[in-house]
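Reading the structure
Read off the chains here:
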Amino acid sequence: MLTIYSDSHRLQHGRSELIDGTLKPCFETPSRADMVLAAVRQRDLGDVAHPRRHGLEPILRVHDEGYVRFLETAWQRWSEMGRDYDALPKMWQIRRLREAVPEHVEGQLCYYSMDCGTPITAGTWQAATASSDVALTAVDRLIGGERAIFALTRPPGHHAARDYCGGYCFFNNAAIAAQALRDRGAHRVAVLDVDYHHGNGTQDIFYHRSDVLFLSIHGDPRTEYPFFLGFADEKGEGEGLGYNFNFPLAAGSCVSTWFFALDCALEQIARFGAEALVVSLGVDTFEGDPISRFQLGTPDFVTLGARLAGLKLPTLFCLEGGYAVGPIGDNVVNVLAGFEARS
Ligand SMILES: NCCCNCCCCCS
Ligand SMILES: [Zn+2]
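These notes cover the structure that comes with them. (Residues numbered from 1 in each chain as written. Chains lettered and ligands numbered in written order. Predicted model: local features only at pLDDT ≥ 70, side-chain atom pairs only at ≥ 80, totals over all residues. Heavy atoms only, no water.)

Focus: the sheet that holds strand 9 (residues 276-281)
Using the following cut-off: Here, any two strands with at least 2 DSSP bridges between them count as paired. Comment: elements are numbered from the N terminus, with helices defined as DSSP H or I runs of at least four residues and strands as E runs of at least two. Throughout, a contact is declared for two residues whenever any of their heavy atoms are within 4.5 Å. Axes here refer to lines fitted to C-alpha atoms; in helices the fit is confined to the stretch in contact. Angles between the N-to-C directions go from 0 to 180 degrees.
Ordered by their spatial adjacency, eight strands build an open sheet running 4-1-5-10-9-6-7-8, and the pairing between neighbours is parallel. If you trace the sheet from one side to the other, it starts and ends with strand 4 (48-49) and strand 8 (244-249), each paired once. For strand 9 and strand 10 (residues 315-319), the ladder comprises five bridges, and the chain directions are parallel. Bridging from a neighbouring strand, V278 pairs with L316 of strand 10. Running over the sheet, helix 8 (residues 255-272) touches strand 6 (189-193), strand 7 (212-219), strand 8 and strand 9 and is turned about 175 degrees from strand 7.

Okay, here's the thing in C-alpha cells:
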C-alpha cells in the first residue's frame, strides 16, 4: 500500500496542553508520525511518496473562510503581542455570551477553538496545510487507480469542525478528502471514524448532507472527550437525516463489543452504497493508550483491517489519534497490512 507523507508535520510541535486540569507536555508529538513512518518502512508496506500542493481551495470546500484566515494569521498576530510561546485560548464563547467574531487575535483564538489542548505555534499553519495536502494527494492517487492508500496525516483532523480547531486538529483531513472525492466524481462517500474519540468535526461538516455518510465508534461522550457530541441519537438533520451513525461505547468496553459495533457500521456503509471509503484511523483504541479507555490489542488491528477490506471499496486511510508512541507504528501498520491481506 502506498503511503503519502510530509516531513512538514514536524513543524507542529506544541509545548503543552491543558489536560485534566493541569498543563502537561503535548501528547500529540512529532515522534508519533516518526514511529508510524518507521513501521511503514520496516514492515515494507509499500512506497512512500511526498504530497503535491493543492492550495486553499479544497480546504475552503469544508472550512469557513474566516476560520482559515484566522489560522493563517494567528501566529504572526500572537507573536506581535511579544509572545514567543504557544497560543492557547483563555476562555470560550459560552451560552448567552455574544456570538460575534472578535477583532482581536486573543478573542478570535477563543472563538475558533474548542479546547485548550491544541496549541497554535509558529509552524502550525505550514504543518496543517501540508497535512491536508497529504490527504489530497492520497485522493489524487485513489482517483488515479490505487485501490487503497495511507495518508500519514499529522496534525490529525477529525476534531476540526467547519469553523473551529480542537483535539490537536486544525484542518479536517478526512473531510477534505471526502469532499475532494465527491468533487472528483464519487457520488456517495462514507467516512468511518474508528478513533477512540468521537469525530465531532467530521460530523459537524457533513451533518446536513446525504452524499457523505458519517459513522463513528467511540468512547461514550457521557464520560469521554469531546463530551458534547457523539450521542447515538444524532442521526443527521434535514437532507442529512439518516446519514449519521454514532456508536458510543462505555469506557472499558471489551474488544468483542467494539467489533460488534464495527460490524453494525460496516453494514450501514454497504446499505448506503458508498463508492469510496475514508477511514479516520485513530489507534488510541489500543489497550495501552495513555488518554483512552478501550482494550484493543495490537493483533486486533489486523482484524480491523481485514474487516474493512470486506467492503471491497477504494479506501483512503487518514491517520488520526494514537498516543502510545512505542506501539503506534505496529498498531497502524497492522490495520493496513490486515487490509491488504484481504484485498
Ligand atoms: N482526559 C482526556 C482529555 C483529552 N483531550 C483531548 C483529546 C484529543 C484526542 C484526539 S484523537
Ligand atoms: Zn482520539
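Don't stop here, the text continues.
Concerning the layout of surface pockets
Here is the rule: As defined here, a cavity is a set of points on a 1 Å grid over the protein atoms alone where a 1.4 Å probe fits but cannot get out. A pocket is an open set with protein on both sides within 12 Å along at least five of seven lines, and residues line them when an atom is within 4 Å of a point. Grid points are joined across faces, edges and corners, and a volume is the space filled by probe spheres set on the points. Note that Gly is not counted as nonpolar here; it falls among the polar residues with everything else outside the nonpolar set of Ala, Val, Leu, Ile, Met, Phe, Trp, Tyr, Cys and Pro and the charged set of Asp, Glu, Lys and Arg.
In this structure, the largest pocket spans a volume of roughly 1,400 Å³. Sorting the residues of the lining of the largest pocket by element identifies strand 2 (16-19) and helix 4 (105-111) as the ones contributing at least two each. The element contributing the most residues to the lining of the largest pocket is strand 2, with three residues. Partitioning the lining of the largest pocket into residue classes produces 19 nonpolar, nine polar and 10 charged. Its boundaries defined by the atoms lining it, the second largest pocket holds a volume of some 250 Å³. It is helix 5 (residues 124-143) that contributes the most residues to the lining of the second largest pocket, five residues altogether. Residues belonging to the lining of the second largest pocket are distributed by class as follows: four nonpolar, six polar and three charged.

Here we look at helix 9 (residues 300-309)
Applied cut-off: Burial classification: accessible surface area is computed with a 1.4 Å probe over protein chains only, and a residue below 20% of its type maximum counts as buried, one above 50% as exposed, and the rest as partly exposed.
Summarising burial for helix 9: seven of the 10 residues are buried, a large majority. Residues of helix 9 that are buried include every one of D300, F301, L304, G305, A306, L308 and A309, and no others.

A few points about the pattern of salt bridges
Convention followed: The salt bridge definition used is simple: a Lys or Arg side-chain nitrogen within 4 Å of an Asp or Glu carboxyl oxygen.
Inspection of every chain in the model, using the stated rule, returns 17 salt bridges. Here R182 ties to D211 by a salt bridge, and the two come within 2.6 Å at their closest N and O atoms. Of the two residues, R182 sits in helix 6 (residues 173-183) while D211 sits in the loop between helix 7 (200-206) and strand 7, which places them 29 residues apart along the sequence. On the basis of relative accessible area, D211 is assigned to the buried category, the value being 15%. A single salt-bridge network, built from bridges that share partners, covers D7, R10 and D34.

Considerations on the pairing of strand 2
The two faces of strand 2 differ: E17 and I19 on one face are buried, but S16 and L18 on the other face are not. In this structure, strand 2 lies alongside strand 3 (residues 22-25), joined through four bridges in antiparallel fashion. Paired with I19 across the two strands is T22, which belongs to strand 3. Remark: two residues form the turn of the hairpin made by strand 2 and strand 3, two consecutive strands paired antiparallel; D20 in that turn has positive phi of roughly 50 degrees.

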